[in-house]
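Listed below are the residues making up each chain.
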Amino acid sequence: MAVAPASVEIPFGSGTLILETGKLAKQAHGAVLVRYEGTVVLVAAVEGGTIPGRDFFPLQVEYRERAYAAGKFPGGFIKRETRPSTKETLTSRLIDRPTRPLFPVGYVNEVQIHVTVISADRENDADVLGLIGASAALHVSHIPFMKPYGAVRLGRVNGQLVVLPTISQMEESDLDLVVAGTNDAICMIEGFAREMPEAEAADAIAEAHRACRLVIQGIEELRTKTGQGPKALPPQVPDDPLAEEIYKKHGTTYREKYLTTGKKARNAALDEFKESVKKEYLPEGEANPKYTPAQVSAALSAIRERVFREITLTGTRIDGRGAKDLRNVSADVSVLPLTHGSAVFQRGETQALVLATLGTVGDEQRVEGLQEEYSKKFWLDYNFPSYSVGECKPIRGPGRREIGHGMLAERSLKAVIPPATKFPYTIRLVSEILESNGSSSMASVCGGTLALMDAGVPIKRPVAGISVGLVMEKDKHVLITDIQGDEDHYGDMDFKVAGTQKGVTGIQLDIKLDGIPDHIVRGALEQAREGRLQILKTMLGTLNAPRKEISPHAPRIVSLKINPELIGKLIGPGGKMIRAIQEETGAKIDVEDDGTVSISGLNGEGVEAARRTVEALCAEVKVGSIYEGKVISIKEFGAFIEIAPGRDGLCHISELDTGYVGRVDDVVQIGDKVTVKVIAIDDQDRVKLSRKALLPPPPEGEGGSEMGDRPPREDRGDRDRGDRDRGGDRDRGGDRGGDRGGDRGGDRGERRGGGGPRGGGGGGRGGGGGGYRERRD
């Protein structure tokens, strides 16, 4: 039945939260439009019927972002929205978690909640608005939703908590905390921080709960304005008389079986007990049995939960541990030969194999949504095959649970991942759950830390994760550390906390109650801290620091920054220049718009060569700079050396060596690699180079002069002092001109050679010709 149109406005954060109903989607059983600034979300809730024999509550939450909301077209070949993105899947789970426990026990009607983002201002995220809208839509409907909850996101910028921070503010925030709660208690937490101390985290959660109450007041006011009275809820489901009967007769035996050590042995003992009970209450051949198989199975399930809770509330756990005791923890690293980093983390009967892969800029994950497209340099994928719990199920792609657990582990580790300026690699972690008996997401955090360190990733500090459970009956409760499968299934809470020795990096709270008070939240955080520190000791005993070198199978990457105006020069016309560098060095070069250049390759020498080339090409040539260049041309007066692609300089013959050089090609040949120093740049931007400036000086007494090195005196020929004709053997050009002169030198020798006081037949630096005057020129 459609409700009367109504709206409320709630001052919230820096803006106004507006809830409207009765105008849109009027055939839904409950529909609310949620507005905050320019972001608008439509939430519709509908109730289906009951399927006979169904014993679970089939709630379905679907959060969808429409591209038109941000004035965008969907990406890809098919220009319409198809399967949900990771963000949509995670937000659907976020809404489901506080909503499901607030339906009556025993209610099994189908309920669907459709959350559609129809306007996005790209500054205010729609996920928390979807949470608020789901609570409001259910509350204004006839659906038996017991009480509304409020929701809020808190950030912390410059030490100050911010209610509903914008996306821009979140980039500066060291906290991303989403909390949902009723008037009396907290019912969901999802938070990530940069090593926040537990006390500060608890204070932030309490502040978020106060903000939730403001939203609840608005939701209550909205229902009142629609003209509806208090909601009628179905009567409480009575206790199962069959379960009570079986418990009285066999409760003690069941308890003994339940305390069997080991998951497999325990389940085998309980299965044997179940078969004996079924034979008693479902005798073969009876025409009109008193009970159906479904009734007996339901009774046995109820007994299991009851016995579990009784055991736990006495301070003893089903595997014999105390409330704060951990299961056996062990770890190993470098378990696979060719992966870049690997680790196995085992806690009790939960085992995670985590693999680290290091890649380049081209391996980054592109993410598209209502916001601007961006890329991720770090992420974690989580796989949960059915064999990990000894089951045989259809093999399909990752489901909501796997996506959610992977993101929890990823964001818990993200706080310690080094920035790209320090470690330019793209990092992917994959967690393969090989065994599971509780808290596999936190095992992924622990194994992920070890795999990162094994890969040589210089993480800020190691991170460990632990889960704390709760069993509460009236005014009695017990918190239990490191919960296993049954404690998760039959307990009231799964409070996962990840962090370093310094503080919290990730929190996720799921409960089956309608909420928990503040003192339980604080107690769980402290108990989780104690357990986390114990686990960190074991982890650090396996590998106490990141490896100094990355795996030899990983690419080598260097990163440098160039002037963005020189990007075109580096790439060259049609990519000619960058391709040439890559072909010559074997390295791969990626260039970003801000001038960041990443150079990668398996060959470290090739990477370094490419780096030097890029630096030389894009750096300003200055006097005193040193380059490793390539000889590209030889002239009689010197060699032209390419010090960077498209940039060369002249090394004059007099700057090639510390000794005398008669011919340029006596020292260098075309194609030679030589190290040279820039000694001058003229007003026409011509570069003058020197090889000699980088060579060690000759031994004392063997240095040359301006005229170059002369042969030793005893090698200058006979000196007949009686014969003053010095044009013969003493002629400087004779020996040198004959041996080293070229065509040009020969001509000079013929023209100028011969006797004479200073004649000389040939010689000079250029080969032929010569005499003192020729040498000076």
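Residues numbered from 1 in each chain as written. Predicted model: local features only at pLDDT ≥ 70, side-chain atom pairs only at ≥ 80, totals over all residues. Heavy atoms only, no water.

## With respect to the overall build of the chain
Short version of the rule: Numbering of helices and strands runs from the N terminus; a helix is a DSSP stretch of H or I covering at least four residues, while a strand is a stretch of E covering at least two. Three exposure classes are used, based on accessible area relative to the maximum for each residue type with a 1.4 Å probe and protein chains only: buried under 20%, partly exposed in between, and exposed over 50%. It only takes one pair of heavy atoms within 4.5 Å for two residues to be counted as in contact. Using a 1.4 Å probe, accessible areas were evaluated by the Shrake-Rupley method; residue-level cover was limited to the displayed protein chains.
Each helix and strand counted, the chain has 17 helices and 29 strands in total. Evaluated residue by residue, the chain yields a buried proportion of 48% over its 777 residues. A separation of at least 24 residues holds for 68% of the contacts in the chain among residues at least 6 apart in sequence. Surface accessibility of the chain: about 37900 Å² in total, with carbon and sulfur atoms responsible for 49%.

## Points about the state of the cysteines
Basically, it comes down to this: For this text, the term disulfide refers to a pair of cysteine sulfurs within 2.5 Å.
In total, this model carries zero disulfides according to the counting rule given. In this structure C212 is a free cysteine whose sulfur lies 7.6 Å from that of C187, the closest cysteine sulfur available.

## Observations concerning the sheet that holds strand 29 (residues 687–690)
Test applied: Strand pairing is assigned whenever DSSP detects at least two bridges linking the two strands. In this description, a line fitted to the C-alpha atoms serves as the axis of each element, helices being fitted only across the stretch in contact, and the angle between N-to-C directions of two axes falls anywhere from 0 to 180 degrees.
The strand order around the closed barrel built from five strands is 25-26-27-29-28, with neighbouring strands paired in mixed fashion. Within the sheet, the average angular offset between the axes of one strand and its neighbour, ignoring direction, is 55 degrees. Bridging between strand 25 (residues 626–635) and strand 26 (residues 638–644) involves five bridges; their strand directions are antiparallel. The residue bridging I634 from the neighbouring strand is A639, located in strand 26.

## Brief notes about the side chain of R309
The line we're drawing: Polar contacts, as counted here, are pairs of nitrogen or oxygen atoms within 3.5 Å of one another; within protein the pair requires one atom able to donate a hydrogen and one able to accept it, and residues that are adjacent in sequence qualify only if both atoms are side-chain atoms.
Its location among the elements puts R309 in helix 7 (residues 293–313). On the accessibility criterion, R309 (10% relative accessible area) is buried. Within polar-contact distance, the side chain of R309 engages the side chain of E473 at 2.7 Å. Other than its neighbours up to four places away in sequence, R309 contacts V471, M472, E473, Y490, G491 and D492.

## Considering the environment of K569
Relative to the helices and strands, K569 resides in helix 12 (residues 567–571). By relative accessible area, which is 44% here, K569 ends up partly exposed. Here the alpha-carbon distance between K569 and P645, two residues 76 residues apart in the chain, equals 9.8 Å. Not counting residues up to four positions away in its chain, the partners in contact with K569 are M577 and L617. Here the side chain of K569 touches L617 through a polar contact of 3.2 Å, landing on its backbone oxygen.

## As for the nonpolar core
What counts is decided by this rule: Residue types Ala, Val, Leu, Ile, Met, Phe, Trp, Tyr and Cys, when buried and joined through side-chain atoms within 4.5 Å, form a set referred to as a nonpolar core.
Judged by nonpolar contacts, the single largest core of 129 residues is most densely connected at L17, L19, I113, I189, M493 and F495. The leading source of residues in this core is helix 4 (residues 198–225), at 10 residues. Once you skip the residues sitting within four places of it in the chain, I189 turns out to touch R97, L177, V178, V179, I205, F495, I507, Q508, L509 and V521. Counting residues in each nonpolar core, the second largest holds 35 residues, with V614, A616, I641 and V661 among its members.

## Section: unusual backbone geometry
Across the chain, the bulk of peptide bonds are trans and the bulk of non-glycine residues have phi less than zero. With a phi angle near 55 degrees, K474 is a residue other than glycine that sits in the positive phi range. Within the secondary structure, K474 sits in the loop between strand 18 (464–473) and strand 19 (476–481). Exposure remark for K474: the relative accessible area of 82% places this residue in the exposed category. Of note, D685 is a non-glycine position whose phi angle comes to about 65 degrees, a positive value. Looking at where D685 falls in the secondary structure, it is placed in the loop between strand 28 (673–681) and strand 29.

## Describing helix 6 (residues 263–281)
Note the cut-off: To estimate the expected span of a helix, subtract one from its residue number and multiply by 1.5 Å.
Taking 1.5 Å of rise per residue, the 19 residues of helix 6 would be expected to cover 27 Å, and the 27 Å separating its terminal C-alpha atoms lies within 8% of that figure. Taken together, the buried residues of helix 6 touch helix 5 (241–258) and helix 7.

## Looking at the sheet that holds strand 11 (residues 329–333)
Taken together, the five strands give an open sheet; going across it, the order is 11-12-13-17-16, and neighbouring strands pair in mixed fashion. Two strands bound the open sheet, and with one partner strand each, they are strand 11 and strand 16 (378–383). Adjacent strand axes in the sheet meet at a mean angle of 15 degrees, parallel and antiparallel pairs treated alike. Of the strand pairs in this sheet, strand 11 and strand 12 (residues 341–347) are connected by five bridges, and their pairing is antiparallel. The partner of D332 across the bridge, within strand 12, is V344. Of the strands in this sheet, strand 16 and strand 17 (426–435) touch helix 8 (residues 400–414), which is tilted by about 145 degrees from strand 16. Against the sheet, helix 11 (residues 518–542) contacts strand 11 and strand 12, and its axis sits at roughly 30 degrees relative to strand 11.

## Some remarks on helix 11
An α-helix turns once every 3.6 residues. As a result, residues three or four positions apart point the same way. A rise of 1.5 Å per residue sets the reference length of helix 11, with its 25 residues, at 36 Å; its end C-alpha atoms lie 37 Å apart and thus fit the reference within 8%. Buried residues of helix 11: I520, V521, A524, L525, Q527, A528, G531, R532, I535, L536 and M539, and no others.

## Points about the packing of aromatic side chains
Two numbers describe a pair of aromatic rings. These are the distance of the centres and the angle of the planes. The condition is simple: Ring geometry is summarised as follows: Phe, Tyr and Trp rings, the Trp one being its six-membered ring, pair when their centres sit within 6.5 Å, and such pairs are stacked at plane angles under 30 degrees, edge-to-face over 60 and tilted between the two.
Inspection of the entire model under this criterion finds 12 aromatic pairs. Aromatic pair F423 and Y425: ring centres 4.7 Å apart, planes at 35 degrees, arrangement tilted. The same class applies to F423 as to Y425, namely buried. Aromatic pair F637 and F640: ring centres 6.4 Å apart, planes at 90 degrees, arrangement edge-to-face. Given a relative accessible area of 37%, F637 falls into the partly exposed group.

## Concerning the packing of helix 1 (residues 86–99) against helix 2 (residues 127–139)
This is how it is decided: For classification, angles of less than 35 degrees are called roughly parallel, those exceeding 145 degrees roughly antiparallel, those between 65 and 115 degrees roughly perpendicular, and all remaining angles oblique. What makes a crossing left-handed is the near helix being turned counterclockwise from the far one by less than a right angle; a clockwise turn instead makes it right-handed.
At a minimum axis separation of 10 Å, helix 1 and helix 2 run at an interaxial angle of 40 degrees. Overall, the two elements helix 1 and helix 2 adopt an arrangement that is oblique. When the axes of helix 1 and helix 2 are compared, the crossing they make is right-handed. Contacts between helix 1 and helix 2 pair K87, T91, L94, I95, P98 and T99 from the former with D127, G130, L131, A134 and L138 from the latter.

## Digging into the pattern of salt bridges
Condition: In the sections that follow, a salt bridge refers to a side-chain nitrogen of Lys or Arg positioned within 4 Å of a carboxyl oxygen of Asp or Glu.
Under the defined criterion, the tally for this structure stands at 51 salt bridges. One salt bridge connects R522 with D518, and the closest N-O pair in it is separated by 2.8 Å. Placement of both R522 and D518 in helix 11 is noted, with a separation of four residues, approximately one turn of the helix. A relative accessible area of 32% means that R522 is categorised as partly exposed. The exposure class of D518 is partly exposed, given its relative accessible area of 32%. Of the charged contacts in the structure, one is a salt bridge between R663 and D665, with a shortest N-O distance of 3.0 Å.

Limitation: the analysis is restricted to geometry and does not speak to function.
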